[in-house]
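Listed below, chain by chain, are the residues.
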Amino acid sequence: MSCIFCKIASGEIPAKVVYRDDDAIAVNDLSPQAPKHVLVMPVKHYENIAELADGHDDALMAKLFTLAARLGRERSPDGFRLVVNTGSDGGQTVDHLHIHILAGRPMTWPPG
Ligand code: 5GP
Ligand code: ZN
């Protein structure tokens, strides 16, 4: 398996882990785009959120978003942004589902 996020989940590649359990892991982004930038991902490999939706694991879907919301609120009670880039038009560069948590500065809209 050549997926870098699978390697992070297995511990093969080091990362700053801020949360982990049997199903999910959260790490600081290597190239932060905000003062606080965390990635929430499933331990199991799903290419993107559409693939997880196809997998009908609604419990895992809910768990990932609940975790992202909790970690976001912990980092910024004033607000934060969750982003799930999906596929080439979505700007996804790592093909292992992840939710970006961006916090610690005001966000702008529309996104690029
Ligand atoms: P995407 O563009 O797929 O939505 O986001 C991929 C994210 O993964 C980027 O924000 C990038 O900085 C981050 N990233 C890429 N490689 C690594 C890595 O080896 N470790 C960590 N912690 N983040 C990474
Ligand atoms: Zn993977």
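Residues numbered from 1 in each chain as written. Chains lettered and ligands numbered in written order. Predicted model: local features only at pLDDT ≥ 70, side-chain atom pairs only at ≥ 80, totals over all residues. Heavy atoms only, no water.

Is there a simple way to explain the site of ligand 1 in this structure?
Near ligand 1, the surroundings consist of 15 residues, among which Asp29, Asn85, Thr93, Val94 and His100 are the closest. Aspartate 29 has a polar side-chain atom sitting 2.5 Å from an oxygen atom of ligand 1. With respect to ligand 1, the side chain of histidine 98 contributes an N or O atom lying 3.0 Å from an oxygen atom. Look at ligand 1: alone it shows 530 Å² of surface, and the protein chains cover 83% of it. With 3 residues, helix 1 (residues 4-10) is the single largest residue contributor to the shell around ligand 1. Classifying every residue of the shell around ligand 1 gives 6 nonpolar, 8 polar and 1 charged. (Near = heavy atom within 4 Å. Polar contact = N/O pair within 3.5 Å; in protein donor to acceptor, adjacent residues only side chain to side chain. Areas by Shrake-Rupley, 256 points an atom, 1.4 Å probe, with all protein chains shown as cover. Helix = DSSP H or I, 4+ residues; strand = E, 2+ residues; numbered from the N terminus. Nonpolar A, V, L, I, M, F, W, Y, C, P; charged D, E, K, R; others polar.)

Can you help me understand the coordination of the zinc ion (ligand 2) in this one?
Put simply, the ideal angle at a metal is 109.5 degrees for four donors in tetrahedral geometry and 90 or 180 degrees for six donors in octahedral geometry. Surrounding the zinc ion (ligand 2) are the protein donor atoms Cys3 (SG), Cys6 (SG), His45 (ND1) and His96 (ND1), which sit 2.0 to 2.3 Å from the metal. Each of the 4 donor atoms bound to the zinc ion (ligand 2) contributes to angles spanning 106 to 117 degrees, and the resulting shape is tetrahedral. Spacing between the donor residues of the zinc ion (ligand 2) along the chain follows C-x2-C-x38-H-x50-H. Separated by 51 residues along the polypeptide, histidine 45 in the loop between strand 3 (36-42) and helix 2 (49-55) and histidine 96 in the loop between strand 4 (80-83) and strand 5 (99-103) bring together distant segments of the chain. Classification of histidine 96 by relative accessible area gives buried; the value is 0%. (Donors = N, O, S within 2.8 Å, 3.2 Å for Na, K, Ca; no water. Tetrahedral: all angles 85-135°; square planar, octahedral: opposite > 155°, others 65-115°. Buried < 20%, exposed > 50% of the residue type's maximum accessible area, 1.4 Å probe, protein only.)

Mind showing me how you'd approach the sheet that holds strand 2 (residues 24-28) here?
Pairing between sheet strands relies on hydrogen bonds along the backbone, with the strands arranged either parallel or antiparallel. One open sheet accounts for 5 strands, arranged 1-2-3-5-4; its pairing is antiparallel. If you trace the sheet from one side to the other, it starts and ends with strand 1 (17-20) and strand 4, each paired once. With strand direction ignored, the average angle separating the axes of adjacent strands in the sheet is 20 degrees. The sheet contact formed by strand 4 and strand 5 spans 4 bridges and is antiparallel. Looking at strand 5, one finds that arginine 81 is bridged to leucine 102. Taken strand by strand, helix 3 (residues 58-75) contacts strand 1, strand 2, strand 3, strand 4 and strand 5, and its axis lies near 165 degrees from that of strand 3. (Pairing = 2+ DSSP bridges. Axes fitted to C-alpha atoms, helices over the stretch in contact; angles between N-to-C directions. Contact = heavy atoms within 4.5 Å.)

Just to check I follow, could you spell out the pattern of salt bridges for this structure?
Two side chains that carry opposite charge are able to pair once their charged atoms sit near each other. According to the stated counting rule, one finds 4 salt bridges in the structure shown. The closest approach of N and O atoms between aspartate 21 and lysine 63, which form a salt bridge, is 3.0 Å. Taken as a pair, aspartate 21 in the loop between strand 1 and strand 2 and lysine 63 in helix 3 lie far apart in primary sequence, 42 residues in all. On the basis of relative accessible area, lysine 63 is assigned to the partly exposed category, the value being 31%. Put simply, glutamate 74 and arginine 70 hold a salt bridge, and the shortest N to O gap is 3.1 Å. (Salt bridge = Lys/Arg side-chain N within 4 Å of Asp/Glu carboxyl O.)

Any chance you could explain the nonpolar core here in plain terms?
In summary, soluble globular proteins display a tendency toward joint burial of nonpolar side chains. Formed by 14 residues in total, the largest nonpolar core has its most connected members in Val40, Leu52, Leu64, Leu71 and Ile101. With near-sequence residues (within four places) excluded, leucine 52 lies in contact with Tyr46, Asp57, Leu60, Met61, Leu64 and Leu97. By size, the runner-up hydrophobic cluster in this structure holds 10 residues, among which are Ile25, Val27, Leu39 and Met41. (Core = buried A, V, L, I, M, F, W, Y, C linked by side-chain atoms within 4.5 Å.)

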